[in-house]
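Residues per chain, in single letters:
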Amino acid sequence: MISLDTETTGVDHYHGTKPFFVTTCDENGEQRYWEWNVDPYTRDVEVDPSDLDAIRLLLSTDPTVVLHNTKFDVKALESIGVDNFNWNRYYDTLLAAHILASNQQKDLTALAVQYLNIDIQPFEDVLEKAVKECRTWARNNKPSWRIANKEDEDMPSAKEKTWKFDTWLPRLLAQEREYKEPVEGCDHDWGMNWYCQRCNGHRWWVVLSDYANTDSAVTLPLWQTMEEEIKLRGQWKNYLERLKVLRPLHLMEKNGLTVNLKWLDEKIQEFSEGSVTCEHICTNIAAGYEYELQLPKGGRNKSLDTFLTDVMKLKPMGYTKTGNTSYNKEAMEGYMATLPENSLEYTFVSELLDKRSQDTAISYMNSYKKFGIRIPDTDYIVLHPNINPTGTDTTRCASNNPNGQNISKKEKRNIRSTFGPLPDREWWTIDAENLELRIPAYEANEEEMIFLFENPNQPPYFGSYHMLIFDTLHPDKFKKHGIKCKSVYESTWYQWTKNGNFAVQYGAQEVSGTADRAYHVPGAQHRIQSRFTRIQELSQRQIKFAENYGYVETIPDKSVDPERGYPLLCTRSKWGNIKSTVPLSYHIQGTACLWMQGAEIRCQAALDDWNNRERKSNPRYRMFIQVHDELGFDFPRRAHPLKDPKNSNLDKIREIKKLMEIGGEYIGVRTTVSIKYHTESWAKGETIKC
DNA sequence: TTCGGTAGCGCC
DNA sequence: AAAGGGCGCTACCGAA
């Protein structure tokens, strides 16, 4: 068993980030490490091929490898041609940290303190100090060096703490300035000015290697402690299952998703013009009040605040969590509902709302351009959003650089329309249907709801949960129009019913009236809860459990561990008690995302099988994104699934559908998926029943 | 100049 | 004492 860690020139593996330091440590504490120079003008790493052979050889002896954030190091190694990492023999301390304490800090420094009582922070502090000093020196003395910078197009992820991208700098500067190299074996006594009092060596030579080697040395004992603890808590099977999802996610990230650059530019242009028009209308209205308005690029600034509060004298519609008057979307919609439609105030508010939504969309699209990699000879760029399975308090994945999970599908500001398969490819997107509603319904045995989910073709609700609730709240309307209420009240009562349902799903408390306001029906939540009492009881059980133990567990998965679910620590209020809104929400959300995790693992195995059979150098059947309950597949383009099923990918999609839906059987919930087929864009999908 | 908090808005 | 869960990104603003 060895631990392995890499230090890199950044985090953007697809923009030239490379490892310049690889360190390993075995169970006897023997360390091996490889360090390469970074060209300061290009940031290219001058890798020694014989070192690569040594690393490959080490991996080929099939050790069990322990890493902290496996996907990152595997991508770093792959970028320099080391691609024999064995996904069947590794452990990850980041995943371990999540299963042991889902909502606590998970960085190596925090874990070393917590599990080993070792403080490695001083190594990071001294590294930070050295790097920052070196950056300042380099900026002043080597203007053509490529110091990490937010504006550098090969570092789209550089935001704050940019110094972390330049940890290669101290050693280089030590050489550049001809500082004396510390004598190996000397028991260094570092003085205040970086010099060793004993051997006269300069600390910049070793500040990075000391830091990195400490990390790899700590990782093994950390893992051993964590492994024991995971087993002690009866979570070993759940942990092993969790390990399996990293490879599918890794491949998903590598595949990435394609955006049509022309469509993207058109959309940016359209929204930019739209935003300017809104801005003009707003500033003109303000001018009528003799107020020189400076609209913010983001949500709000002082100029806007003053205008809304003091000049137009709008009464507060709601408050931010710190108690300031809120001018968010909800407040704006509140003004629009109460002000006369032909008033200046109404126009101002609606134009401001319009401007904001377009500005948000523009900022997202600009980030796609920043992160996108051009695909030669096409109009497409490809994005590689990072997917972080330990980024949330539950088992949900987070996504960043760029975030692939908040791409607008609103009708008016649809951005998914700029995403789509390459001309020789086709996309399939598969959604779990009402997954987070089904889980509590089946678990609590809420019979009326289960009947609905089991009989999607039967009257009166035809499988629609929203319609069931609609009838509960508006029986007269439902009696009159039946299922047609959906279209008759599309943007009013039906939409409000959906809004209220989501509020309840995410834990809105009855006493707050939040859900009632969303439903536009006083007392709505109470009426619903008295019709569906069992889910309410389930919630109480989860709260009780969380109050006793501090966490909730997901529903045990029979294919993983029939005894134990995955533990999720619950958020506490500032007074230290469990927030009552959390336990059921985490229990359901956590279960839903493990359902998806299982689906990803099973689907990737099927894709591997198909790809191996084809024996092409590039895997042709791939997953490209997951958005919590939606999974995207990128397949070679074949015939249309309805027009020419035999020559289409329909058989493979049927298999995928089966592999996804079977996950419900393991948790006692009937789960179904809906399937869309895309040849042009992510926004345009044909529903395929199969 | 850097950094963190606040706010707003996109997704499920 | 309060009562809507989970995220990431951008802009703004004030303090370090």
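Below is a summary of the structure that appears in this document. Quick caveat: nothing in here was measured; it's all calculated off a predicted structure. (Residues numbered from 1 in each chain as written. Chains lettered and ligands numbered in written order. Predicted model: local features only at pLDDT ≥ 70, side-chain atom pairs only at ≥ 80, totals over all residues. Heavy atoms only, no water.)

**Here's the deal with the packing of aromatic side chains**
Two measures describe an aromatic ring pair: the distance that separates the ring centres and the angle between the ring planes.
Working step 1: Tallying each qualifying case throughout the model produces 35 aromatic pairs.
Working step 2: Centre to centre, the rings of Tyr 368 and Phe 419 are 5.4 Å apart; their planes meet at 80 degrees, and the pair counts as edge-to-face. On the criterion of sequence distance, the pair formed by Tyr 368 in helix α13 (residues 344–371) and Phe 419 in the loop between β10 (398–400) and β11 (425–432) is long-range, its members being 51 residues apart. With respect to burial, Tyr 368 and Phe 419 carry one shared label: buried. (Phe/Tyr/Trp six-rings, centres within 6.5 Å; stacked < 30°, edge-to-face > 60°. Helix = DSSP H or I, 4+ residues; strand = E, 2+ residues; numbered from the N terminus. Buried < 20%, exposed > 50% of the residue type's maximum accessible area, 1.4 Å probe, protein only.)

**Some thoughts on the protein's contact with DNA strand C**
Working step 1: Of all residues adjacent to DNA strand C, which total 35 residues, the nearest are Lys 302, Ser 399, Ser 512, Thr 514 and Tyr 586.
Working step 2: A breakdown of the atoms of DNA strand C within 4 Å of the protein gives sugar and phosphate a share of 70%.
Working step 3: Within the contact set of DNA strand C, a base nitrogen lies 3.1 Å away from a side-chain nitrogen or oxygen of Tyr 364.
Working step 4: Elements with a minimum of two residues in the surface near DNA strand C: α13, β10 and α23 (583–614).
Working step 5: Of the residues belonging to the surface near DNA strand C, the class tally is eight nonpolar, 20 polar and seven charged. (Near = heavy atom within 4 Å. Polar contact = N/O pair within 3.5 Å; in protein donor to acceptor, adjacent residues only side chain to side chain. Nonpolar A, V, L, I, M, F, W, Y, C, P; charged D, E, K, R; others polar.)

**As for unusual backbone geometry**
Working step 1: Backbone torsion omega between Asn 401 and Pro 402 reads -10 degrees, so that peptide bond is classified as cis.
Working step 2: Take Pro 402: it is sitting in the loop between β10 and β11.
Working step 3: At Phe 462, a residue that is not glycine, the phi angle is positive and equals roughly 50 degrees.
Working step 4: Checked against the element boundaries, Phe 462 lands in the loop between α15 (447–454) and α16 (465–473).

**A few points about the protein's contact with DNA strand B**
Working step 1: By nearness alone, 28 residues border DNA strand B, and Arg 300, Thr 322, Lys 329, Arg 396 and Asp 629 come closest of all.
Working step 2: Sugar and phosphate atoms form 81% of the subset of DNA strand B atoms that lie within 4 Å of the protein.
Working step 3: The contact in question runs from a base oxygen of DNA strand B to an N or O atom on the side chain of Arg 396, over 2.4 Å.
Working step 4: Within the contact set of DNA strand B, a sugar or linking oxygen lies 3.5 Å away from a backbone nitrogen or oxygen of Gln 405.
Working step 5: The leading source of residues in the surface near DNA strand B is α13, at four residues.
Working step 6: Class assignment of the residues belonging to the surface near DNA strand B gives a composition of five nonpolar, 13 polar and 10 charged.

**Let's talk about helix α21 (residues 524–531)**
Working step 1: Inspection of α21 places Ala 524, Gln 525, Ile 528 and Gln 529 among the buried residues, and these make up the whole buried set. All buried residues of α21 fall inside an arc of 125 degrees around its axis, so they share one side.
Working step 2: Turning to α21, the residues buried within the fold contact α16, α19 (493–505), α20 (514–519) and α22 (533–549). (Arc of directions from axis to C-beta. Contact = heavy atoms within 4.5 Å.)

**A closer look at the pattern of salt bridges**
Working step 1: If you walk through the whole model with that rule in mind, you get 34 salt bridges.
Working step 2: Across the pair Lys 71 and Glu 253 runs a salt bridge whose closest N-O atoms are separated by 2.6 Å. Taken together, the residues Lys 71 in helix α2 (residues 70–79) and Glu 253 in helix α9 (residues 246–255) connect sequence positions 182 residues apart. Accessibility classification places Lys 71 together with Glu 253 in one group, the buried group.
Working step 3: Note that Asp 379 and Lys 262 form a salt bridge whose closest N and O atoms lie 3.8 Å from each other. Taken together, the positions of Asp 379 in the loop between β7 (373–374) and β8 (380–383) and Lys 262 in helix α10 (residues 261–288) put the pair 117 residues apart, joining distant regions of the chain.
Working step 4: Look at Asp 379 and you get partly exposed, because its relative accessible area is 33%.
Working step 5: Taken together, the shared-partner salt bridges in this structure form one network comprising Arg 43, Arg 135 and Asp 166. (Salt bridge = Lys/Arg side-chain N within 4 Å of Asp/Glu carboxyl O.)

**A short note on the packing of helix α3 (residues 93–100) against helix α8 (residues 236–244)**
Working step 1: Where α3 meets α8, the closest approach of the two axes is 10 Å, and the angle between their N-to-C directions is 135 degrees. Taken together, the axis directions place α3 and α8 in an arrangement best described as oblique. Judged by the twist between their axes, the crossing of α3 over α8 is right-handed. The segment α3 lies against α8, with Leu 95, Ala 96, His 98 and Ile 99 engaging Asn 238, Tyr 239, Arg 242 and Leu 243.
Working step 2: Grouping the constituent residues of the contact of α3 with α8 by class yields five nonpolar, two polar and one charged. (Axes fitted to C-alpha atoms, helices over the stretch in contact; angles between N-to-C directions. Parallel < 35°, antiparallel > 145°, perpendicular 65-115°, else oblique. Left-handed = near helix turned anticlockwise from the far one by under 90°.)

**What to know about the sheet that holds strand β6 (residues 257–260)**
Working step 1: Spatially, β6-β8-β7 is the arrangement adopted by the three strands of the open sheet, whose pairing is antiparallel. Because the sheet does not close on itself, it has two edges, and the strands there are β6 and β7.
Working step 2: In this fold α10 packs onto β6, β7 and β8, with an angle of close to 60 degrees to the strand it touches most, β6. (Pairing = 2+ DSSP bridges.)

**Remarks on the environment of Leu 67**
Working step 1: By secondary structure assignment, the location of Leu 67 is in strand β4 (residues 65–67).
Working step 2: On a C-alpha basis, the gap between Leu 67 and Ile 375 in space is 32 Å, while along the polypeptide they are 308 residues apart.
Working step 3: If sequence neighbours within four positions are ignored, Leu 67 has contacts with Leu 4, Asp 73, Phe 85, Tyr 90, Tyr 91, Asp 92, Thr 93 and Leu 94.

These figures capture arrangement, not role.
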